[in-house]
Amino acid sequence: MTEYPLSQDQIDELNAAEAEALQDDYDSLGRQLARRGIAIDEVKEKVAAFSVAVPSWGAGRGGTRFAKFPIAGEPTNIHEKLEDCAVVNQLGRNTPRVSPHFPWDKVSDYDALREEAAAFGLGFDAVNSNTFQDQADQTHSYRNGSLAANDPAVRAQAVEHNIECIEIGQKLGSNALTVWVGDGTNFPGQQDLARSLDRYLDAAAQVYSALPDDWRMLLEHKMFEPAFYSTVISDWGSSILAAQELGDKAQCLVDLGHHAPNVNIEQIVARLHRFGKLGGFHFNDSKYGDDDLDTGSINPHQLFLVFNELVEAELHPRNGFNPAYMIDQSHNVTDPIESMLSSAEAIAGAYAKAVIVDREALYAAQESNDVMMGFQALRRAYRTDVSPIVAKARAEAGGAIDVLGAYRASGWRDRKAQERQPVGLGAGIV
Ligand code: RM4
Ligand code: MN
Ligand code: MN
């Protein structure tokens, strides 16, 4: 029996007051979609089957390198983070997995942690290694890089940490390791651009060889930050080349915020899938050089176009298609639970819009070079307000029709403010 943190009776009561209006909207949308030859219940079933993982670190308030402004009642350890992630899943019912980050989420008993999560109805998604920071008890510093560092002892330490993450992940029931390294340079001439990649590939191969048979290694690229001149795995090109060199179990992870401005991310998605290398996704949004704003808050159309490619891949899988979807955001000015609820809803909505694209019309327009009608096939789906589908799928699974309203009514954060230790000040993501 799942032990949800919030009162289910309260959620059900709030839903009862909103159910009639939702049904009305759902029926109206159903008639509209039926005229397009789409059965709304089938779309709802797909949305109900769709899920996205949440990052353990997203449960806390993030910050910038300038400052962090904590809120009362925010979680300070993995146990409290799991509790908050369980709140998100109870209300939204589409985030049943948590992606942990080590050493941030280190505990002494991982079997117990797995049970703790399972009691909340949560499982663990990809494990994330961290060789972009130094820890207090660490022998060698990552100041000059980690997997690509020129000091072999540093590389060995980074390899060992990644292997430890795999071992922890096995205990937690995970089957993927996400590797993002900040390795790179701040000055031209600081490092040899080719040799640093050689070192990365060599170290990454050692991690790769420790992967269990049914595991994947997800390589996450990022154009810049913390390195501001060159980053070793800076773009999807470097990422796919590395993944191809490592082997079949290595795939690329696309974080929406990690690209050069104006890059066509949906095309990257299509390319990676074409070569069987689209392994995972970190959803967020970005305006300038930032990489962690709430999903769909800045460029919802891009999110839709990305999902259009993902649905296309789902319908026509090439070399398999099994992407690990995750939210990766830094909640600097909002209650993290609210941001995760709102983002998961935006993601499910973008997926639903992609599902209702009239693909026959789209392909026909493409075949006949009818530019305007090809565009309209996408536009029509994008313009459709699919929120009744998402809300209904959620409510039928036991979630809240109005996730934010129900969360606020629960008084969760105020209650936690009484119970939890205050977070220290400081800057950075956690
Ligand atoms: C990075 C990247 C990674 C995440 C860290 C915290 O920018 O997005 O996925 O592990 O931030
Ligand atoms: Mn990321
Ligand atoms: Mn990032």
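Scroll up for the structure.
None of these values were measured; they are calculated from a predicted model.

**What about the site of ligand 1?**
Thought 1: Ligand 1 sits among 12 residues. The nearest are His101, Glu220, Lys222, His258 and Asp328.
Thought 2: Between ligand 1 and His101, the relevant distance is 2.7 Å, taken from an oxygen atom to a side-chain nitrogen or oxygen of the residue.
Thought 3: Contact between ligand 1 and Lys222: an oxygen atom at 2.9 Å from a side-chain N or O atom of the residue.
Thought 4: Bound to the protein, ligand 1 loses 95% of the 290 Å² it would expose on its own.
Thought 5: For the shell around ligand 1, the residue count by class is 4 nonpolar, 3 polar and 5 charged.

**Observations concerning helix α4 (residues 110–119)**
Thought 1: If you check which residues of α4 are buried, you get Tyr110, Leu113 and Ala117. Taken around the axis of α4, the buried residues stretch over an arc of 50°, which confines them to a single face.
Thought 2: For α4, the N-terminal capping position is held by Asp109, with its side-chain oxygen 3.2 Å away from the main-chain nitrogen of Asp111.
Thought 3: Note on α4: the residue one or two positions beyond its end, Gly121, has a positive phi of about 80°.

**A short note on the coordination of the manganese ion (ligand 2)**
Six octahedral donors at a metal ideally form angles of 90 or 180 degrees, and four tetrahedral donors ideally form angles of 109.5 degrees.
Thought 1: Donor atoms from the polypeptide that coordinate the manganese ion (ligand 2) comprise Glu220 (OE), Asp255 (OD), His282 (ND1) and Asp328 (OD), at 2.1 to 2.2 Å from the metal.
Thought 2: Each donor residue of the manganese ion (ligand 2) belongs to the same chain, with the gaps between them written as E-x34-D-x26-H-x45-D.
Thought 3: A spacing of 3.9 Å is found between the manganese ion (ligand 2) and the manganese ion (ligand 3). In this pair, Glu220 sits in strand β8 (residues 216–220) while Asp255 sits in strand β10 (residues 250–255), placing the two residues 35 residues apart along the sequence.
Thought 4: When its relative accessible area of 5% is taken as the criterion, Glu220 is described as buried.
Thought 5: Residue classification places Asp255 among the buried positions, given a relative accessible area of 0%.

**Here we look at the sheet that holds β10**
Thought 1: As summarised here, the arrangement of the 7 strands in space is β3-β5-β6-β8-β10-β11-β12, forming an open sheet in which the pairing is parallel. Of all the strands in the sheet, just β3 (101–102) and β12 (324–327) have a single pairing partner and so form its edges.
Thought 2: Summarising the sheet, β10 and strand β11 (residues 278–283) pair through 4 bridges and their orientation is parallel. Bridge pairing links Val254 to Phe281 in β11.

Basis of the calculations
- Residues numbered from 1 in each chain as written.
- Chains lettered and ligands numbered in written order.
- Predicted model: local features only at pLDDT ≥ 70, side-chain atom pairs only at ≥ 80, totals over all residues.
- Heavy atoms only, no water.
- Near = heavy atom within 4 Å.
- Polar contact = N/O pair within 3.5 Å; in protein donor to acceptor, adjacent residues only side chain to side chain.
- Areas by Shrake-Rupley, 256 points an atom, 1.4 Å probe, with all protein chains shown as cover.
- Nonpolar A, V, L, I, M, F, W, Y, C, P; charged D, E, K, R; others polar.
- Buried < 20%, exposed > 50% of the residue type's maximum accessible area, 1.4 Å probe, protein only.
- Helix = DSSP H or I, 4+ residues; strand = E, 2+ residues; numbered from the N terminus.
- Arc of directions from axis to C-beta.
- Donors = N, O, S within 2.8 Å, 3.2 Å for Na, K, Ca; no water.
- Pairing = 2+ DSSP bridges.

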